[in-house]
Amino acid sequence: CVSTRARHGYIIERGETELTAEQGLDSRESVLARYGEPTLRPALNDNTWYYVTMTTNARAFFRTQTTNRQVVAFNFDNEGSVTAVETYALDDAMNINLVDRETPTRGKQLTFIEQLVGSVGQLPPTQGPQVPGQDQR
Amino acid sequence: QTQPVPDAPSAAVQQEQQSAFVRQVIIQGNQRIESDTVRSYLTIGAGQEVDQLSLDTALKTLFGTGLFKDVNIALVDNVLVVEVAENPIVNRIIYEGNRRTKEDKFEEEVQLAPRVIYTQAKVQSDVQRIIEVYRRSGRFAATVTPKITELPQNRVDVIFEIDEGPVTGVSKINFIGNDVYTDAELRDVVLTAESRWWNIFESNDNYDPDRLEYDRELLRKHYTQSGYADFQVVSAVAELTPDRKEFFITFQVEEGPQYEFGNIDVQTTLERVNEDLLRRTVPIRSGTTFNSELIESATEAITYSTGISGYAFVDVNPQLTRNTEARTVDVTFRVNEGPRVYIERINIGGNTNTLDRVIRREVSLVEGDAFNKILVERSERRVQGLGYFSDVEISESPGSAPDRTVLDLKVTEQSTGSFSVGAGVSSTDDFIANMSIEQRNLLGRGQLLQLDLRASARTRSVQVSFREPYFLDRNLAAGFDVYNTRLDYEEAGFVQDSLGGGLNVGFPVSESARLNLNYLLRRDNVLIESSFTGFVEDEDEAESLVVPGADITTSPSQGGFAVSGDYCDFIANQLQPTCESQGDFLTSALGYSLQFNRLDNPYRPANGWRASLSQTFAGVGGDVQYLKTQFASAHYKSLPYDFVGSLKLNVGYVDGWGGDKIRLTDRFYRGGSTFRGFEIAGIGPRQVSPQGQRNRAIGAKAFVVGTAEMLLPLPFPEEYGIRASLFTDVGTAGIVDEDDKRLNDDIANYVDYNGDGIFDEPIQDDLSLRASAGISIDWNSPFGPVRIDIAEALLREDYDETESFRFSAGGQF
Amino acid sequence: CGSNDKDDKFAYVERPVEQLYEEATNAMNRKRYEEAIAYFDEVERQHPYSSWARRAMLMSAYIKYETNDYQAAIDDLDRFISIHPGNKDAPYAYYLKAMSYYERIRDVGRDQSITRQALDSLQEVVRRYPETEYARDARLKLDLTYDHIAGKEMDIGRWYLQRNQHVAAINRFNKVLEQYQTTSHAPEALHRMVEAYLEMGIVPEARRHAAILGYNYPGSDWYEDTYRLFQRYDLEMTDQVQRTAEAAQ
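What you are looking at is a predicted structure, and each value in this text was computed from that prediction instead of being measured. (Residues numbered from 1 in each chain as written. Chains lettered and ligands numbered in written order. Predicted model: local features only at pLDDT ≥ 70, side-chain atom pairs only at ≥ 80, totals over all residues. Heavy atoms only, no water.)

1. Observations concerning the overall build of chain B
And step 1. Within chain B, the secondary structure is distributed over 13 helices and 41 strands.
And step 2. Over its C-alpha trace chain B gives a radius of gyration of 39 Å, far above what one expects of a compact globule, namely 28 Å for 813 residues.
And step 3. Considering only C-alpha atoms, chain B reaches an extent of 140 × 75 × 60 Å along its principal axes.
And step 4. Across the 813 residues in chain B, those meeting the buried criterion constitute 46%.
And step 5. Accessible area for chain B stands at about 39,500 Å²; split by element, carbon and sulfur atoms hold 54% of it.
And step 6. If you average the places of the 78 positive and of the 123 negative side-chain charges in chain B, the two averages end up 5 Å apart. (Helix = DSSP H or I, 4+ residues; strand = E, 2+ residues; numbered from the N terminus. Rg over C-alpha atoms; globule rule 2.2 N^0.38 Å. Buried < 20%, exposed > 50% of the residue type's maximum accessible area, 1.4 Å probe, protein only. Areas by Shrake-Rupley, 256 points an atom, 1.4 Å probe, with all protein chains shown as cover. Lys, Arg positive; Asp, Glu negative; His and termini not counted. Charge placed at Lys NZ, Arg CZ, Asp CG, Glu CD.)

2. Details of the interface of chain C and chain B
And step 1. Tallying the contact residues gives 34 residues for chain C and 39 residues for chain B.
And step 2. Approximately 3,200 Å² of surface area, both sides summed, lies buried where chain C meets chain B, with 46% of it carried by carbon and sulfur atoms.
And step 3. Run the count over chain C and chain B and you get four salt bridges.
And step 4. One salt bridge connects Asp 473 of chain B with Arg 163 of chain C, and the closest N-O pair in it is separated by 2.9 Å.
And step 5. The tally of links between chain C and chain B comes to eleven residue pairs in polar contact (both at pLDDT 80 or more).
And step 6. Mapped onto the side of chain C that touches chain B, the elements with two or more residues apiece are α3 (33-46), α5 (70-83), α8 (133-162) and α9 (166-179) of chain C.
And step 7. With five residues, the top contributor of residues to the side of chain C that touches chain B is α8 of chain C.
And step 8. Among the residues making up the side of chain C that touches chain B, the classes are represented as ten nonpolar, eight polar and 16 charged. (Contact = heavy atoms within 4.5 Å. Buried area = accessible area lost by both parts, 1.4 Å probe. Salt bridge = Lys/Arg side-chain N within 4 Å of Asp/Glu carboxyl O. Polar contact = N/O pair within 3.5 Å; in protein donor to acceptor, adjacent residues only side chain to side chain. Nonpolar A, V, L, I, M, F, W, Y, C, P; charged D, E, K, R; others polar.)

3. Points about the nonpolar core
And step 1. Counting residues in each nonpolar core, the largest one holds 117 residues, and the members touching the most others are Leu 80, Val 383 and Leu 409 of chain B together with Leu 198 of chain C.
And step 2. When residues no more than four places from it in sequence are discounted, the contact partners of Leu 409 of chain B are Asn 347, Ile 348, Gly 349, Ile 359, Val 363, Val 383, Val 392, Glu 393 and Ile 394 of chain B.
And step 3. Formed by 33 residues, the second largest nonpolar core is a distinct cluster that contains Phe 494, Leu 664, Val 705 and Ile 763 of chain B. (Core = buried A, V, L, I, M, F, W, Y, C linked by side-chain atoms within 4.5 Å.)

4. Some details on the pattern of salt bridges
And step 1. For the structure shown, the criterion picks out 57 salt bridges over all chains.
And step 2. With its nearest N and O atoms 3.6 Å apart, the salt bridge here joins Glu 102 of chain A to Arg 158 of chain C. Pair noted here: Glu 102 of chain A is in the loop between β4 (82-89) and α2 (112-117) and Arg 158 of chain C is in helix α8, and the two residues belong to different chains.
And step 3. When its relative accessible area of 48% is taken as the criterion, Glu 102 of chain A is described as partly exposed.
And step 4. You can call Arg 158 of chain C buried: its relative accessible area is 6%.
And step 5. One salt-bridge network, in which partners are shared between bridges, spans Arg 345, Asp 356, Arg 360 and Glu 367 of chain B together with Lys 152, Glu 153 and Arg 172 of chain C.

5. Description of the sheet that holds strand β16 (residues 328-337) of chain B
Residue and element names in this part refer to chain B.
And step 1. The sheet built from three strands is open, its strands ordered β14-β16-β15 with mixed pairing. Sheet topology places β14 (260-268) and β15 (314-323) at the edges, where each strand pairs with a single neighbour. Averaged over neighbouring strand pairs, the angle between their axes works out to 20° when direction is ignored.
And step 2. By the bridge criterion, ten bridges tie β15 to β16 in an arrangement that is antiparallel. What sits directly across from Asn 317, in β16, is Arg 334. (Pairing = 2+ DSSP bridges. Axes fitted to C-alpha atoms, helices over the stretch in contact; angles between N-to-C directions.)

6. Notes on the packing of helix α4 (residues 51-66) of chain C against α5 of chain C
Residues and elements named next belong to chain C.
And step 1. Look at α4 against α5: their axes get within 7 Å of each other, and the N-to-C directions meet at 160°. One way to sum up the angle between α4 and α5 is to call them roughly antiparallel. Considering only the axes of α4 and α5, their crossing is left-handed. In this structure, α4 uses Arg 54, Met 57, Leu 58, Ser 60, Ala 61, Lys 64 and Tyr 65 to contact α5, whose residues at the interface are Tyr 70, Ala 72, Ala 73, Asp 76, Leu 77, Arg 79, Phe 80 and Ile 83. (Parallel < 35°, antiparallel > 145°, perpendicular 65-115°, else oblique. Left-handed = near helix turned anticlockwise from the far one by under 90°.)

7. Some thoughts on the environment of Tyr 519 of chain B
All names here are of chain B.
And step 1. Tracing the backbone through its elements, the reader meets Tyr 519 in strand β26 (residues 513-527).
And step 2. With 71 residues separating them along the chain, Tyr 519 and Leu 590 place their C-alpha atoms 4.6 Å apart.
And step 3. Not counting chain neighbours up to four residues away, the residues in contact with Tyr 519 comprise Gly 501, Gly 502, Leu 503, Ser 588, Ala 589 and Leu 590.
And step 4. Looking at Tyr 519, its side chain comes within polar contact range of the side chain of Ser 588, at 3.0 Å.

8. Points about the interface of chain C and chain A
And step 1. Across the contact, 66 residues belong to chain C and 53 residues belong to chain A.
And step 2. Summing the contributions of chain C and of chain A, the shared interface buries around 5,100 Å²; its carbon and sulfur component is 54%.
And step 3. Contact with chain A buries area across many residues of chain C, yet Glu 103, Glu 199 and Met 200 of chain C alone supply 11% of it, more than any other trio.
And step 4. At the junction of chain C with chain A, the criterion picks out two salt bridges.

9. Some remarks on the sheet that holds strand β1 (residues 3-9) of chain A
And step 1. Across the sheet, which stays open at both edges, the four strands sit in the order β1-β2-β3-β4 (chain A) with antiparallel pairing between neighbours. The sheet is open, and its two borders are formed by β1 and β4 of chain A, each paired with just one other strand. Ignoring which end each strand starts from, the neighbouring axes of this sheet average 5° apart.
And step 2. By the bridge criterion, seven bridges tie strand β3 (residues 65-76) of chain A to β4 of chain A in an arrangement that is antiparallel. Bridge pairing in β4 of chain A links Ala 73 of chain A to Glu 86 of chain A.
And step 3. Sitting on the sheet, helix α10 (residues 186-200) of chain C is in contact with β2 (48-59), β3 and β4 of chain A, with an inclination near 105° to β3 of chain A.

10. So, a nonpolar patch on the surface
Residues and elements named next belong to chain B.
And step 1. Residues Phe 419, Met 435, Ile 437, Leu 451, Leu 453, Val 462 and Val 464 make up a contiguous nonpolar surface patch of about 460 Å² in total accessible area.
And step 2. For the nonpolar patch, the secondary structure elements donating two or more residues are β21 (432-442), β22 (447-456) and β23 (459-468).
And step 3. Looking at the element boundaries, Phe 419 is found in strand β20 (residues 417-424). (Patch = residues over 30% accessible without salt bridge, like charges linked within 9 Å, V, L, I, M, F, W, Y side chains within 5 Å.)

11. Considering the environment of Asp 473 of chain B
And step 1. Locating Asp 473 of chain B in the fold gives a position in the loop between β23 and β24 (477-489).
And step 2. Judged by relative accessible area, Asp 473 of chain B falls into the partly exposed class, the value being 28%.
And step 3. Note: C-alpha distance between Asp 473 of chain B and Arg 361 of chain B (112 residues apart in sequence) is 9.2 Å.
And step 4. What Asp 473 of chain B contacts, discounting residues up to four positions off in sequence, is Trp 159 and Arg 163 of chain C.

12. Observations regarding the pairing of β3 of chain A
All names here are of chain A.
And step 1. Relative to β3, β2 runs antiparallel, the two sharing ten bridges. Bridge assignment links Thr 53 to a residue of β3, and that residue is Gln 70.
And step 2. The hairpin turn running from β2 into β3, its antiparallel successor, is five residues long, and Ala 60 in that turn takes a positive phi close to 40°.
And step 3. Following β3, the chain reverses through five residues before pairing antiparallel with β4; Gly 80 in that reversal takes a positive phi of roughly 95°.

13. Notes on the confidence of the model for chain A
Any region with low pLDDT has predicted coordinates that should not be read closely.
All names here are of chain A.
And step 1. In this model, chain A carries an average pLDDT of 79, and 78% of its residues clear a pLDDT of 70 or more.
And step 2. For chain A, the element scoring lowest by mean pLDDT is α2, at 64; β3 scores highest, at 91.
And step 3. Ignoring residues within four places in sequence, the model shows residues 133-137, a span with pLDDT below 50, making eight contacts including any to other chains. (pLDDT = per-residue confidence, 0-100.)

14. What to know about helix α6 (residues 90-102) of chain C
And step 1. Compared with the 18 Å implied by 1.5 Å per residue over 13 residues, the 18 Å span of α6 of chain C between its first and last C-alpha is a close match.
And step 2. With 13 of 13 residues buried, α6 of chain C is to be regarded as a mostly interior element. (Expected span 1.5 Å × (residues − 1).)

Given below as structure tokens:
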């Protein structure tokens, strides 16, 4: 049966060449000018930029498969000039089973009665403010 | 004592010398507001140099707080004396003269309320707001005069004296400069309508400036879609008659010549995209009349096809060149590299009930994707299609970098729970009531839970069904239902007690087709509850009348013995079709249904078609073996003047296999909602009995029903939700197994069921054509869906059962 | 049970303010909240200039807060703040208003506009009255609110990760690391980064996040998960992390 293909992340248009940079020659500015914002800029270290191109394919009820992934990583030194360019392809991928534990969060859940009655979030307050100071005047 | 609102408060600044040193600040005249509050607002403090300017600013800031009616600032030998008079507090608001509009309508708008500070500015703005409320309901002549009554402790009562004045209708809409279309035709185009006494439902017959603006747009669209590329609305003026009762609205238009499409061309700088492929997607033929809407759909078609051929960032802009003498417009679509924009984030808001992921999984874009307008529109349609929201809007806002954008998807939740109570009145006036509770968005998880309770003289059933549209977080819908029903099928003369359940899964096989697989397991107990009395000369012959082991009672009567017992225990009755279906049996069946849906709108289709083919194979274990096939299709076409025509076809065939005969309970019964104008199981093979006794439907192995329906445009506005359609149902139902007709072989069983003196065969089954016509109205009333079918059977067999009126109402919570 | 006629019943019974206030507090203590509110409002209406009126305004807002009528409480408090910005009870008014939003924060799966309002009003309490005990509690609630917003980012990030949309997931976890490092979700965000980058096969980046996780949260369950991942795929973690890992055994 028919499958739907989709493209995610950085788009390499038809006819465009692969992403490259000259070590020592290119810098953050030249990469930015040529290819625009990177797809991923790791929060805690700005010395590596990643341009990720991905295509997926979804067929009937099967889980969406990643049919192709190209990652180009530009490494910069602290002065911002390119030190190395690495690429990762689909076959580098690993199959990790994700931990299903979650850090707990609070907030009012929607209960069945509430949805029935329609008044949401009306649970009595937890602790918090007491009666305003008892002193008069 | 009431007196008009005092004029602007007087403010005086006595000013001693150019600038001086302030040793001390004294606040006087404040009662409710503490002195240090006044000091906190005062821009001047003790120990500061002060001059004319700083005194003025202090004065202005104090007034700015809106707390004071009057302020005097005086600098007397280095002591700053601030004399304030506090604004009073509102005690009560009283509206007088508001006959047509109730008070709570104003309360939402008006700022002044009990215990709020009274200020001059607030009164003026409230007067305007009240006038605005009247304007919106079409009363432009309304006037409001505010009055206050002083109360002790600096409190006031505010009285709004309202003179509502007449409703200012629109007496005349006329057009200047229109030769192509008549005034009447253009009046149909614009939304504002002339007020006429007989047109009580018309809500657009008052003057509303924004609607007038929208009317200009409607006129422009109307003309540019029929070739008038240069059309423009020169002016749209509304004049009020001197007695302020009526408005005259005049549209001045300049039509300009009618154009045709000249040559159409597509030019692109994108490599590897061939232009004639794009030209073929453009739905415009040169020589046809110019139509602005076609240009928009052409732009969309080109964007779509370039998207498919691998270009995510495409900018398509049509260039129109008019050649006035030839009256043609050449259109060149320039297709170039568009701005490279990526979606940084998709924020979902307004979902107070529905979970974020239930909405996010319908969005066909992922964060980090290239921006694609068509996918954004498709996502909006898909989220709207969930049916949980009254309104869905996707808007864009700039992202954290020039080539990044953020999509904000805003939804407004609506009630997804509904309960409905149904009642049916049929020609045999048998009262049916049902109650079903449904929650389409259980706990905001997008799951469907239905509880259906049915009770009437002849059915009692409880059904619970559940459906999860994304089972295991995949594009796989899965669900189950469990039911226990007891059906006293008078029309077929048996009582069926069944307990069962089913599992089903469904998934898309293409953009508009879905395949569902289901498994059904059900235990049925069918019994013929009616008793029967036979007659014998002497007692010991009684046993011979019945099946061995049947319990019978004999009692002497008329010189012999009356033997009474269960209907089917009597050998004579064994031939009755119903008796064969009696007993306990288990049905275990596998089935599939393939559904195609190409409708433009699932809820109110106006164009497009849908079709479904389903087959159920019973005999996977269990002791019932049959194959049931059903095909259904519906085709919708929108016709001029807002009519919507639809043609529907329903076909079904069922037969036993492996020597098994098809039981009564698994046959097709047509009538009621499946064939309007006839009672439930009103058409189809029937076992007839003498006049006065009830004929019994024995179900059909095959049926074909066609429906032609015409949805009528109603004068009521859309929000009333009333829809009416004229329909005609045509079709037949018939074919029974050979040995169901064994009764017809013995002439003794013939019976005169229609009182025409001729004795007819007891089992009547002829695939004759039946037809009915009528009107069906469904109204989405405030308390729930109401449906009424009124139909007349035109073509029928004399043994069919007709039903002229059917009604059901429901509630929404 | 039309409520407005109740007002009229009170409206014209001019009574000394102490008596009105007395009845209001009695009604409150007997949990007859609607009546208590009516009395407190009456105190304010009949004697707007007494200091009782100020106290009554606050009491009525407090009762509305206790009976979950949060929006009405907020309206009353806004009015109090506009009339008595300098009053000694103003900090309490700001605080009660912040709590009226805070109590209605919805779970991470649903609309978070109330959380945003809670954040703004709590920040206002801390900004205006840093020394008060209200600010101390507001700072605690602020941390919990930031934690909640980070929780929403994680909820969506995990959803994208489960569907193999690594770019979307990583950007969501990035947001948590950039703006909410001090919340309880930071260790999980780091571990999810390791999972996502390993799934894409980018080992160095996974290693970098594992190092930060090991360094800052050595004892956390999340670090254990990361450590186990590196073991199973026999990837060596950078030696610096190796050392802290052994120390943590």
